[in-house]
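Each chain is listed here by its residues.
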Amino acid sequence: MIIAIDGPAAAGKGTLARRIAKEFDFAYLDTGALYRAVGLSLLKQGIAPTDEAAAEAASAALDMALMDDPALRAEATGSAASQVAAMPKVRANLLDFQKNFALNPPDGAPGAVLDGRDIGTVVCPDADLKLFVTASAEVRAERRLKEMQERGIAADFDAILADVKARDERDMGRKDAPLKPAEDAHLLDTSNLDIDAVFLRAAAFVKERL
Ligand code: C5P
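Computed from a predicted structure; not experimentally measured.

J.: Would you explain the packing of helix 3 (residues 52-60) against helix 5 (residues 88-103) in this entry?
T.: Axes are the key here: two packed helices are described by the angle between their axes and the distance separating the axes. Two elements in contact, helix 3 and helix 5, have axes whose closest approach is 9 Å; the angle formed by their N-to-C orientations is 0 degrees. As far as their axial angle goes, helix 5 and helix 3 are roughly parallel. Here Ala55, Glu56, Ser59 and Ala60 of helix 3 lie close against helix 5, whose contacting residues are Lys89, Val90, Asn93 and Leu94. Residues of the contact of helix 3 with helix 5, tallied by class, amount to four nonpolar, two polar and two charged.

J.: How should I be thinking about the site of the ligand in this particular structure?
T.: If you check the shell around the ligand, you find 15 residues, and the closest are Arg36, Arg91, Asp118, Arg167 and Asp171. Interatomic distance of 3.0 Å between a side-chain N/O atom of Thr31 and a nitrogen atom of the ligand. At 2.8 Å, a side-chain N or O of Arg167 approaches an oxygen atom of the ligand. Contact with the protein chains removes 97% of the 450 Å² of surface that the ligand exposes when unbound. Of all the elements in the fold, those that place two or more residues in the shell around the ligand are helix 2 (31-45), helix 4 (75-84) and helix 8 (157-173). It is helix 2 that provides the largest number of residues to the shell around the ligand, a total of four residues. Classifying every residue of the shell around the ligand gives three nonpolar, four polar and eight charged.

J.: Before we go on, may I ask you to explain unusual backbone geometry in this structure?
T.: Across residues other than glycine, the phi torsion is negative in most instances, and most of the peptide bonds are trans. Located in the positive-phi region is Asp25, a residue other than glycine, with phi close to 60 degrees. In this fold, Asp25 is placed in the loop between helix 1 (13-24) and strand 2 (27-30). Phi at Asp107 takes a positive value of approximately 55 degrees, unusual for a residue other than glycine. By the secondary structure assignment, Asp107 is in the loop between helix 5 and strand 3 (112-116). Given a relative accessible area of 84%, Asp107 falls into the exposed group.

J.: Explain the packing of helix 2 against helix 5 here, please?
T.: It is at 11 Å that the axes of helix 2 and helix 5 come closest, and there the two elements cross at 140 degrees. Overall, the two elements helix 2 and helix 5 adopt an arrangement that is oblique. Handedness of the crossing formed by helix 2 with helix 5: right-handed. Contacts from Thr31, Leu34, Tyr35 and Val38 of helix 2 reach helix 5 at Val90, Arg91, Leu94, Phe97 and Gln98. Taken together, the residues that form the contact of helix 2 with helix 5 break down as six nonpolar, two polar and one charged.

The rules behind these values
Residues numbered from 1 in each chain as written. Predicted model: local features only at pLDDT ≥ 70, side-chain atom pairs only at ≥ 80, totals over all residues. Heavy atoms only, no water. Axes fitted to C-alpha atoms, helices over the stretch in contact; angles between N-to-C directions. Helix = DSSP H or I, 4+ residues; strand = E, 2+ residues; numbered from the N terminus. Parallel < 35°, antiparallel > 145°, perpendicular 65-115°, else oblique. Contact = heavy atoms within 4.5 Å. Nonpolar A, V, L, I, M, F, W, Y, C, P; charged D, E, K, R; others polar. Near = heavy atom within 4 Å. Polar contact = N/O pair within 3.5 Å; in protein donor to acceptor, adjacent residues only side chain to side chain. Areas by Shrake-Rupley, 256 points an atom, 1.4 Å probe, with all protein chains shown as cover. Buried < 20%, exposed > 50% of the residue type's maximum accessible area, 1.4 Å probe, protein only. Left-handed = near helix turned anticlockwise from the far one by under 90°.

Take a look at the structure:
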């Protein structure tokens, strides 16, 4: 069973995907973390995230230790990730790993949940269930602000909103694997739903497929 969860930044995909994986004992892959690791690798070397040759090299030999680096979650890393994610060679280098995870989930798990931007359209077009999770840019920025405040990180709503909008534009506007719902995806707008309500709806779809 393969479950594809796509949507824009800070829509709540990760929380939902993790919860579904836990509930059904499926393996979980946060594919955004792969792009973040490429972006972070460049930032750490002092290389601009617009440097295609460096991004290509970093994605070809991905340093998996970066997946546990606390800086992976920083706003600057998210922004660098969305710049390297627009490069076709970077996407191609990360594709096999994602496909293989979906088809052969680790530890013999009976299914895999992948979240990202192009899982239902490119990575797993034959997924058993596709969800597209959205919320308004303002609601997403508000959630991100709260999350950062809870972690004790100083943050400014307007700056976060601008970042969320810039990332939406880059992710939806790129030529290669742009962010968009697959034709057969179920849309979940979480603007007015809390995580429990979103989870119950998603879990009902999964049970239908099992
Ligand atoms: O989901 P997250 O915010 O961690 O993703 C960081 C960036 O990685 C996104 O803004 C997007 O540009 C890119 N990404 C992607 N395809 C995916 C997952 C993430 O292009 N499947």
